[in-house]
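This is what each chain is made of:
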Amino acid sequence: MNAMPPRNTPGSAYNFAYLDEATKRMIRRAILKALAIPGHQIPFGAREMPLPYGWGTGGIQVTAAILGPRDVLKVIDQGADDTTNAVSIRAFFAKVAGIATTTRTAEATIIQTRHRIPERPLTEGQVMVFQVPMPEPLFRLEPRLAETRRLHALGDYSLAQVKLYEDIAKQGEAGTSYNHPVMVAGRYLMSPSPIPGFDNPKLHNSPAIMLFGAGREKKIYAVPPYTAVESLDFDDHPFRPMRAPHACSACGSTTSYLDEIVADDQGGRIYVCSDTDHCRENQTP
Amino acid sequence: MKPGFSDPVFGAQSGFAALMNAMARPGRIQDCNALHEPPPGLDPAAAAALLTLADAETPLWTDAEGEARDWIAFHTGAPLVEDVARAQFLLATRAMPALASVDLGTDETPQDSATLIVQVATLDDASGWRLTGPGIQHEHRLTVTGLPADFAVQWARNRTHFPRGVDVVLCAGTRLAGLPRTTRITEDR
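Please read all numbers here as calculations on a predicted model, not as lab measurements.

> Help me understand the pattern of salt bridges, please; the structure alone is not making it clear to me.
A pair can form between side chains of opposite charge whenever their charged atoms are brought close. The final tally for this structure, using the stated rule, is 24 salt bridges over all chains. Among the salt bridges present, the one from Asp55(B) reaches Arg25(A), with a minimum N-O distance of 2.9 Å. With Asp55(B) in the loop between α2 (44-53) and β2 (60-62) and Arg25(A) in helix α1 (residues 21-36), this residue pair bridges two chains. Judged on exposure class, the residue Asp55(B) and its partner Arg25(A) are both buried. With its nearest N and O atoms 3.4 Å apart, the salt bridge here joins Glu119(A) to Lys202(A). Taken together, the residues span a long stretch of sequence, with Glu119(A) in the loop between β4 (110-114) and β5 (127-131) and Lys202(A) in helix α6 (residues 200-203) at a distance of 83 residues. Take Lys202(A): its relative accessible area is 21%, and that puts it in the partly exposed class. Connected through salt bridges with shared partners, the residues Arg25(A), Arg29(A), Asp55(B) and Glu57(B) form a single ionic network.

> Whenever I open this one, the sheet that holds strand β3 (residues 89-92) of chain B confuses me. Can you help?
Across a sheet, paired strands are connected by hydrogen bonds in the backbone, their directions being either parallel or antiparallel. Residues and elements named next belong to chain B. Strands sit in the order β1-β8-β7-β4-β3-β2 across an open sheet of 6 strands; the sheet is mixed. If you trace the sheet from one side to the other, it starts and ends with β1 (30-31) and β2, each paired once. Note that strand β7 (residues 167-172) and strand β8 (residues 175-179) share 5 bridges and pair antiparallel. Residue pairing in the sheet places valine 168 in a bridge with leucine 179 of β8.

> Would you mind showing me how to read the nonpolar core here?
Ranked by internal contacts, the top residues of the largest apolar core, which has 72 residues, are Ile31(A), Leu35(A), Ile66(A), Phe93(A), Leu211(A) and Met20(B). Looking at which element gives the most residues to this core, the answer is helix α1 (residues 8-24) of chain B, with 10 residues. Contacts of Leu35(A), omitting those with residues within four sequence positions, involve Ile209(A), Leu211(A), Ala222(A), Pro224(A), Met20(B), Met23(B) and Ala24(B). One finds Ala92(B), Ala114(B), Val168(B) and Ala172(B) within the second-largest nonpolar core, a separate group that totals 31 residues.

> Would you explain the confidence of the model for chain A in this entry?
Across chain A, the average pLDDT comes to 94, with 96% of residues at 70 or higher. Contacts from residues 1-6 of chain A, a stretch scored under 50 in pLDDT, to residues over four places away or in other chains number 11 contacts.

> Would you mind showing me how to read the packing of α1(B) against α2(B) here?
Between two packed helices, the angle of one axis relative to the other and the distance separating the axes together describe the packing. Residue and element names in this part refer to chain B. In contact at an axis separation of 9 Å, α1 and α2 are set at 110 degrees when each is read in the N-to-C sense. Classified by the interaxial angle, the pair formed by α1 and α2 is roughly perpendicular. In this structure, α1 uses Ala12, Gly15, Phe16 and Leu19 to contact α2, whose residues at the interface are Ala49, Thr52 and Leu53. Among the residues making up the contact of α1 with α2, the classes are represented as 5 nonpolar, 2 polar and no charged.

Calculation notes
Residues numbered from 1 in each chain as written. Chains lettered and ligands numbered in written order. Predicted model: local features only at pLDDT ≥ 70, side-chain atom pairs only at ≥ 80, totals over all residues. Heavy atoms only, no water. Salt bridge = Lys/Arg side-chain N within 4 Å of Asp/Glu carboxyl O. Helix = DSSP H or I, 4+ residues; strand = E, 2+ residues; numbered from the N terminus. Buried < 20%, exposed > 50% of the residue type's maximum accessible area, 1.4 Å probe, protein only. Pairing = 2+ DSSP bridges. Core = buried A, V, L, I, M, F, W, Y, C linked by side-chain atoms within 4.5 Å. Contact = heavy atoms within 4.5 Å. pLDDT = per-residue confidence, 0-100. Axes fitted to C-alpha atoms, helices over the stretch in contact; angles between N-to-C directions. Parallel < 35°, antiparallel > 145°, perpendicular 65-115°, else oblique. Nonpolar A, V, L, I, M, F, W, Y, C, P; charged D, E, K, R; others polar.

This is the structure in structure tokens:
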């Protein structure tokens, strides 16, 4: 760890990675406790960031706290590297930290994401940072945060189970196609952030570190590598990740998660991979 | 007095990278050589961990004395407390305080529990304890010399409080390993 590049000179306008060191320390302490208590939400003093709440301020603060000069950052928004949110955040860190960025999953050491997990299997050297709009999985069932804290302390998730039961009884299946709650290490119910149910199995026993940051709600939580993450379900109604039954129009993949795109004004539709890097890899022979 | 990190920003970042990997992969030994000149009595890894995590907001307990104690107070700015139970971070350079005597947090706020940094004689991850739990694919091995003889017993008791409990960082020289409260230790008989 010698010979750090001299990027933190008095001449530069910001501290490395934008946040001041005291804020980074506070976030780092929260991240360590989050890893020690998998799935438990930890309050932190989220700062104002130079973009609005809902655009990934929680994820950005987590990324800023862990980012080092040798990291390679990838940012995706719904699987795509080329959408406004992803481009802006990548440019932000390239500017305030001078780090290398990439669109290739394989090259990235930190992947900040809004609502997807890449198709390519993650590795031990990688950290996923999720942007989380609402960290509390019981939010729609119990509006009082003081009460949800108590329910988490007691491990009482009957509200979530009743909701799932009612969905199955009324519709024959779970009512959530994304943000389907998961049990982490058999103890805490956790919101996986609004990733599609298709991605839930990728959280289970992943080699990568998974960090979650909610800026507006001021919470950080984590899933360590190789940790059991199970989607909430019943023995007789096991959780089934869903995927549009089509092939990608661009690369032909029949296994990746697909976006539906309206192609004309005649009701025509095509389906393409939501993960742009995965799609491009499939297209290059 | 000895200096802190030669670069406060990147020193703390690389110190944190070691600590995060240590907590995420219990028992896997991490290199932490961000601090080049620790004060006498402190291991580079343990001193770097304190500089990385402790500040004016974190009450700190340590049994270090003399220059090392002054160095910690000056460079971290953390309030040094006498009462083990009131500390958010603890650095044990000699006899480790009993795990049950530190702040374990509450069921609603288990994150308020203390983090105990212990300087030990040696760390070796080729044999020894069998560690299992979150962060470990099958099992990790860890041999630690310099811990109390009944550490594994104290640790087993610490696990029964989950989600309450203390998290431990073991430091030897420039190497460190983490024991988050979720880790199960099995001793080879």
